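Per-entry structural report
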Amino acid sequence: MDIPTNKKLVCITGTVWSGSRSAPRRLLVKNGFIRPIWFTTGSQINDAGYKHLSETEFHLQHAGGGVLAHIQYGGNYIGILKQELESALNESERGALVVGPQEIAAQIAGALPGTVVFALKERAMTLSPELNEVQKMGKLHRIDVDVLQPGAWTEAYALICEKLGLEAHNSPF
């Protein structure tokens, strides 16, 4: 699977999150990124769109190379199918945005050249071991976010846009 040259594949992971309308994941969607639909063999764990796969369907997709990235969570599998990421890239104006666990971001970065990963962390937090290889590949950008600081999410979004070479559309409305 190739990323079209006019599109970007961005993964956001980390340990600090916000439901704010100024959260980078929300503003990137407003800036033309599309989040692919995730799959689960159980129930949803975040705000992404999900499609349900039986465990048999998951194993068939995995064996056939259709699973791009996955983890086992709470006894179930969650992840992203290659076809769903391709659809998001094709339908989007700017590219695809994957927001999720470090393991998912690391698998995607390892599988697809051109992937850019942003780790949102508090200043004193260390990077997760899952991201070591991504950092060695030069695909990881750490952004320290002080969640108690006013404007911290807007600043994080501006840094992401700068790294991606995009103009920041800061309005959450």
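Right above here is the structure, for reference.
Residues numbered from 1 in each chain as written. Predicted model: local features only at pLDDT ≥ 70, side-chain atom pairs only at ≥ 80, totals over all residues. Heavy atoms only, no water.

1. Section: the side chain of Ser128
Looking at the secondary structure, you find Ser128 in the loop between strand S8 (115-121) and helix H5 (132-136). Leaving out residues up to four positions away in the same chain, Ser128 has contacts with Gln102 and Lys121. (Helix = DSSP H or I, 4+ residues; strand = E, 2+ residues; numbered from the N terminus. Contact = heavy atoms within 4.5 Å.)

2. Digging into the pairing of strand S6 (residues 76-81)
Of all six residues that make up S6, five are buried, and the element is covered over most of its length. Where strand S3 (residues 38-40) lies against S6, three bridges are found, and the strand directions are antiparallel. From the neighbouring strand, Trp38 faces S6, where its bridge partner is Ile80. Here six bridges tie strand S5 (residues 67-73) to S6, and the two strands are oriented antiparallel to one another. Counted as the bridge partner of His70 is Gly79 from S6. Remark: two residues form the turn of the hairpin made by S5 and S6, two consecutive strands paired antiparallel; Gly74 in that turn has positive phi of roughly 60 degrees. (Buried < 20%, exposed > 50% of the residue type's maximum accessible area, 1.4 Å probe, protein only. Pairing = 2+ DSSP bridges.)

3. Brief notes about the environment of Ile104
Residue position: Ile104 is located in helix H4 (residues 102-111). Along the sequence, Ile104 and Glu130 sit 26 residues apart, while their C-alpha atoms lie 9.2 Å from each other.

4. Comments concerning the sheet that holds S3
Reading across from one edge, S4-S3-S6-S5 is the order of the four strands in this open sheet, with mixed pairing throughout. Across the chains shown, the open sheet's two edge strands, defined by having one partner strand only, are strand S4 (50-52) and S5. Looking at each pair of strands side by side, their axes are set apart by 25 degrees on average, direction ignored. Relative to S5, helix H2 (residues 55-63) is tilted by about 140 degrees, and along the sheet it contacts S3, S4, S5 and S6. H4 contacts S3, S5 and S6 of the sheet and is inclined by roughly 160 degrees relative to S5. (Axes fitted to C-alpha atoms, helices over the stretch in contact; angles between N-to-C directions.)

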